Amino acid sequence: LWRWHWLRVGVRTQIFGFSTVLLVFITGVASIGVFALGLTITLSIILELATGVQGPLATLLDPLGAAIAGAVVGALVFVYHLRIVGGRSAGVRAATSLATAGVSLAVAATGFGVTVNALLATASTPLLSGDIRSLLLAGLSALLVGGALWWVTWRPREASQPQRVETPGRRIFLVIIFGLSALVALITLLVIGFQLFSFLLDAGSGESFVESSRQALGLLTATVLVAAYHFTIWRKDRADDVTTQSAPRIARVTLVTSGDNAELVDAVRAATGAKVTILQRAEPVTREPDVAAAVTALEGVEAAHVLVVAGAKGKVAVIPLTA
């Protein structure tokens, strides 16, 4: 079914509408999520074996096969679709990179929260207790896998470089991550407050406040760190103001072309600052115009909507539209 739709029907060559959203989701969210989950479970089992098995070996190794399969399949799907993304526009490449960084960050933050939860549990339970040790190793595994993927995709050492700041959709990504993290942290803080009042009013229950609130405390710590970091980056981007955006002379461009010409789309978008919509011809033409010819034809044109037809023999037709 996939081969029929992807190759025979031609979904692979579609570069507009929902097909682009689906490509970003498969590459930047689904495949990398399956890979990270499978690798996390595999690493957790390896750490369990390295530190000594305290339960039946068959039970510990039961999820290993599915975890390895998930990691391998997720990696294969990611690598294959990443090649497709590489030939698309800068916006698609940036959206995929940001989505990958977001998924990796979610895995790392989850692992950090679980690790804090397990460490807090040692205040009332010995560290070598089976359940607590398994929880700690699972948290460390998620933190290592998610942290490594996030470091590779986000590249924090280069996060404030001008070319990175100008990445399409970056500020929206920062606001979404900061907003969601702050919202979760606020809700978690309310839960901790409720648990504190419950503990004070029912001190004879025998359970300590840390023991009853360690899950919420771990989640709060992770979300506060995520929110603080991304808010700092967002403030720095605003302060640097590396781009002074003025009103574009062309608001929208509809480009009629024969194939998937990501270079032409990027050049038109860079030259006009406009939103570019692609319409593909039913039949290809001979010798489409090059990028320089298309950009030259748009010089001096001012309109809300412009139709650009990449014709045969290198000719370009530019038609200003009223709407």
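Residues numbered from 1 in each chain as written. Predicted model: local features only at pLDDT ≥ 70, side-chain atom pairs only at ≥ 80, totals over all residues. Heavy atoms only, no water.

Novice: Quick question: what am I supposed to make of the pairing of strand E4 (residues 316–321) here?
Specialist: Across a regular strand the side chains alternate sides, sitting on one face of the sheet and then on the other. Here six bridges tie strand E3 (residues 303–310) to E4, and the two strands are oriented antiparallel to one another. Opposite Leu307, over in E4, you have Ile319 as the bridge partner. Joining the antiparallel neighbours E3 and E4 is a turn of five residues, in which Lys313 adopts a positive phi near 60°. (Pairing = 2+ DSSP bridges. Helix = DSSP H or I, 4+ residues; strand = E, 2+ residues; numbered from the N terminus.)

Novice: Whenever I open this one, the environment of Thr188 confuses me. Can you help?
Specialist: With respect to the helices and strands, Thr188 occurs in helix H8 (residues 170–201). Counting along the chain gives 25 residues from Thr188 to Ser213, while the straight-line C-alpha distance between them is 10.0 Å. Filtering out sequence-adjacent residues up to four positions away, Thr188 remains in contact with Ala216, Leu219 and Leu220. A polar atom in the side chain of Thr188 sits 2.7 Å from the backbone oxygen of Val184. (Contact = heavy atoms within 4.5 Å. Polar contact = N/O pair within 3.5 Å; in protein donor to acceptor, adjacent residues only side chain to side chain.)

Novice: Looking at this model, I keep getting lost on helix H2 (residues 18–51). Mind explaining?
Specialist: For an α-helix, the turn length of 3.6 residues means that residues three or four places apart are oriented alike. Look at H2: 47 Å from first C-alpha to last across 34 residues, which is about the 50 Å you get at 1.5 Å a residue. With its phi angle positive at about 105°, Gly52 sits one or two positions after the end of H2. (Expected span 1.5 Å × (residues − 1).)

Novice: Which parts of the structure should I look at to understand the layout of surface pockets?
Specialist: If you roll a probe as big as a water molecule over the atoms, it shows you where there is empty space left. Of the pockets and cavities examined, the second largest pocket occupies roughly 310 Å³. Broken down by secondary-structure element, the contributors of at least two residues to the lining of the second largest pocket are helix H5 (90–121), H8 and helix H9 (209–240). With eight residues, H5 is the single largest residue contributor to the lining of the second largest pocket. A per-class count over the lining of the second largest pocket returns 10 nonpolar, eight polar and no charged. (1 Å grid on protein atoms, 1.4 Å probe; cavity = no way out; pocket = protein on both sides within 12 Å on 5 of 7 lines; lining within 4 Å. Points joined across faces, edges and corners; volume = space filled by probe spheres on them. Nonpolar A, V, L, I, M, F, W, Y, C, P; charged D, E, K, R; others polar.)

Novice: Explain empty space enclosed by the protein to me, please; I cannot follow it from the model alone.
Specialist: Counting across every chain of the model gives one cavity of 30 Å³ or more. Of the voids in this model, the largest cavity is the one considered here, and its volume is about 80 Å³. Listed by contribution, the elements that provide at least two residues to the lining of the largest cavity are H2 and helix H4 (64–86). With four residues, the top contributor of residues to the lining of the largest cavity is H2. Its residues placed into classes, the lining of the largest cavity shows six nonpolar, three polar and two charged.

Novice: Quick question: what am I supposed to make of the sheet that holds E3 here?
Specialist: Strand pairing in a sheet relies on backbone hydrogen bonds. The paired strands run either parallel or antiparallel. Here four strands make up an open sheet; going across it, the order is E2-E1-E3-E4 and the pairing mixed. The open sheet is flanked by strand E2 (275–280) and E4, the only strands paired with a single partner. Direction aside, neighbouring strands of the sheet carry axes that sit 20° apart on average. Of the strand pairs in this sheet, strand E1 (residues 250–257) and E2 are connected by six bridges, and their pairing is parallel. Bridged to Thr254 within E2 is Thr277. Each of E1 and E2 touches helix H10 (residues 262–272); the most contacted strand, E1, lies at about 160° to it. (Axes fitted to C-alpha atoms, helices over the stretch in contact; angles between N-to-C directions.)

Novice: Please explain the confidence of the model for the protein as it appears in this structure.
Specialist: Of all residues in the protein, 93% have pLDDT values of 70 or greater, and the mean over the chain is 85. Of all the helices and strands in the protein, H10 carries the lowest mean pLDDT, 80, while H4 carries the highest, 95. (pLDDT = per-residue confidence, 0-100.)

Novice: For this particular structure, what's the right way to read the packing of H5 against H9?
Specialist: To characterise two packed helices, one gives the angle between the axes of the helices and the distance between these axes. Their axes nearest at 8 Å, the elements H5 and H9 cross at an angle of 145°. Note on packing geometry: the crossing formed by H5 with H9 is right-handed. Where H5 abuts H9, its residues Leu105, Ala109, Phe112, Gly113, Val116, Asn117, Leu120 and Ala121 lie against Val210, Glu211, Arg214, Gln215, Leu217, Gly218, Leu219, Thr221, Ala222, Leu225, Val226 and His230. Looking at side-chain class alone, the contact of H5 with H9 contains 12 nonpolar, six polar and two charged residues. (Left-handed = near helix turned anticlockwise from the far one by under 90°.)

Novice: I would appreciate a short explanation of the pattern of salt bridges in the present structure.
Specialist: Note on pairing: side chains with opposite charge can pair once their charged atoms come close. Throughout the structure, instances matching the rule amount to five salt bridges. The closest approach of N and O atoms between Arg93 and Asp266, which form a salt bridge, is 3.7 Å. Residue Arg93 is found in helix H5, and its partner Asp266 is found in helix H10; the two are separated by 173 residues along the sequence. When its relative accessible area of 34% is taken as the criterion, Arg93 is described as partly exposed. As a salt-bridge pair, Asp237 and Arg170 come within 2.7 Å of each other at their nearest N and O atoms. Here the residue Asp237 occupies a position in helix H9, and Arg170 occupies one in helix H8, the gap between them amounting to 67 residues. Each member of the pair, Asp237 together with Arg170, is buried. In this structure, a network of salt bridges that share partners links the residues Arg93, Asp266 and Arg269. (Salt bridge = Lys/Arg side-chain N within 4 Å of Asp/Glu carboxyl O. Buried < 20%, exposed > 50% of the residue type's maximum accessible area, 1.4 Å probe, protein only.)

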